[in-house]
Amino acid sequence: QVQLVESGGGLVQPGGSLRLSCAASKSTLDNYNIGWFRQAPGREREGVSCIVSSDGSGWYLNSVKGRFTISRDDAHNTVNLQMENLTPEDTGIYYCAAGDPPPRGHLLYGACYYYDDKKYTYWGQGTQVTVSS
């Protein structure tokens with residue numbers, strides 16, 4: 001019954017900005033960590049960012065640190081990914097996903113699974129982001 005609905009993808013020029021949104025129920029946002037992943041043609045899917053349900057802290061792929069910001073908007077029941085100063089290397093299909101937080105005793109307890117898409121149970125449909133001049 002967990003549903004994730006993405007929006008905000010599109011075509012932008014290098015240096016431009018996009019905001020991706022992942023809509024979910026309040027219950028989902030309260031109980032699951034949310035991750036953003038992307039996949040370029042011919043490449044493996046990689047984790048971009050994730051947010052911790054308990055305190056809202058975010059984690060980022062090194063190549064997007066300082067450019068992307070993940071946040072939760074309780075007024076609209078969304079998790080947003082604000083992307084700034086986009087480059088062609090950011091091109092790909094972007095997915096949001098929901099998964100259980102790392103349990104007590106796990107190395108990532110209190111954080112989120114930023115590196116492993118297999119830790120996420122529920123997935124959105126994906127939205128295309130293309131960065132090109």
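Here, the structure is the one placed above.
Summarised in this report is the structure supplied together with it. The residue count restarts for each chain, going from 1 along the sequence in the order it is written. For a predicted model such as this one, the threshold for reporting local features is a pLDDT of at least 70, and the threshold for listing and counting side-chain atom pairs is 80 or more; totals across whole chains, interfaces and linings nevertheless cover every residue. Values shown for side chains rest on all heavy atoms present in the structure; no hydrogens or waters enter the calculation.

### A few points about the overall build of the chain
Along the backbone of the chain there are 1 helix and 11 strands. Strands are runs of DSSP state E lasting at least two residues, helices are runs of H or I lasting at least four, and both sets are numbered from the N terminus onward. Counting helices and strands in the order they occur from the N terminus, the chain gives β-β-β-α-β-β-β-β-β-β-β-β. Note that the radius of gyration is over C-alpha atoms, with the globule rule given as 2.2 Å times the number of residues to the power 0.38. On C-alpha atoms alone, the chain measures out to a radius of gyration of 14 Å, which is about the 14 Å that the 2.2 N^0.38 rule sets for 133 residues. Taken over the C-alpha atoms alone, the chain extends approximately 45 × 30 × 25 Å along its principal axes. For every residue, the accessible area obtained with a 1.4 Å probe (protein chains only) is divided by the maximum for its type, and the residue is called buried under 20%, exposed over 50%, and partly exposed between those limits. For the chain, buried positions account for 44% of its 133 residues. Restricting the contact set of the chain to residue pairs at least 6 apart, pairs at least 24 apart contribute 60%. With an accessible surface of roughly 7,200 Å², the chain has 47% of that area assigned to carbon and sulfur atoms. Lys and Arg are tallied as positive, Asp and Glu as negative. Neither His nor the chain termini are counted. By convention, charge coordinates are those of NZ in Lys, CZ in Arg, CG in Asp, or CD in Glu. If you average the places of the 11 positive and of the 13 negative side-chain charges in the chain, the two averages end up 3 Å apart. Should any heavy atoms of two residues lie within 4.5 Å, those residues are considered in contact. Each accessible area is a Shrake-Rupley estimate made with a 1.4 Å probe; only the visible protein chains count as cover when residues are assessed.

### Considering the nonpolar core
Take the buried residues of types Ala, Val, Leu, Ile, Met, Phe, Trp, Tyr and Cys, join any two whose side-chain atoms come within 4.5 Å, and each joined set is a nonpolar core. Core analysis: the largest hydrophobic core is formed by 25 residues, its most contacted members being W36, F68, L81, M83 and Y94. For this core, the elements supplying multiple residues, two or more each, are β3 (18-23), β4 (33-39), β5 (46-51), β7 (68-73), β8 (78-83), β9 (92-99) and β11 (127-131). The residues contacting Y94, other than those within four sequence positions of it, are E6, L20, W36, F37, R38, V48, F68, M83, G126, T127 and V129. In terms of nonpolar packing, the next biggest core, distinct from the first, is built from 8 residues, F37, V52, Y113 and Y120 among them.

### A word on empty space enclosed by the protein
Points on a 1 Å grid over protein atoms alone make up a cavity when a 1.4 Å probe fits among them but cannot get out, and a pocket when they form an open set with protein on both sides within 12 Å along at least five of seven lines; lining residues each have an atom within 4 Å of a point. Grid points are joined across faces, edges and corners, and a volume is the space filled by probe spheres set on the points. Counted according to the given criterion, the structure contains 1 cavity of 30 Å³ or more. The calculated volume of the largest cavity comes to roughly 40 Å³. In this structure, the largest cavity is lined by L29, Y32, N33, I34, I51, V52, S53, R72 and V79. Polarity classes work like this: nonpolar for Ala, Val, Leu, Ile, Met, Phe, Trp, Tyr, Cys and Pro, charged for Asp, Glu, Lys and Arg, and polar for all others, with Gly in that last group. Its residues assigned to classes, the lining of the largest cavity comprises 6 nonpolar, 2 polar and 1 charged.

### Brief notes about the side chain of R67
Inspection of the secondary structure puts R67 in the loop between β6 (58-60) and β7. By relative accessible area, which is 15% here, R67 ends up buried. Apart from residues lying up to four places away in sequence, R67 is in contact with Q82, M83, E84, N85, L86, T87 and D90.

### Here's the deal with the side chain of D117
Tracing the backbone shows D117 in the loop between β9 and β10 (122-123). Given a relative accessible area of 17%, D117 falls into the buried group. Within 3.5 Å is the distance limit for a polar contact, defined as a pair of N or O atoms, with the added protein rule that one can donate a hydrogen and the other accept it, and that residues adjacent in sequence qualify only through two side-chain atoms. Side-chain polar atoms of D117 contact the side chain of R45, separated by 3.0 Å. Residue contacts for D117: discarding those within four places in its chain leaves F37, R45 and W123.

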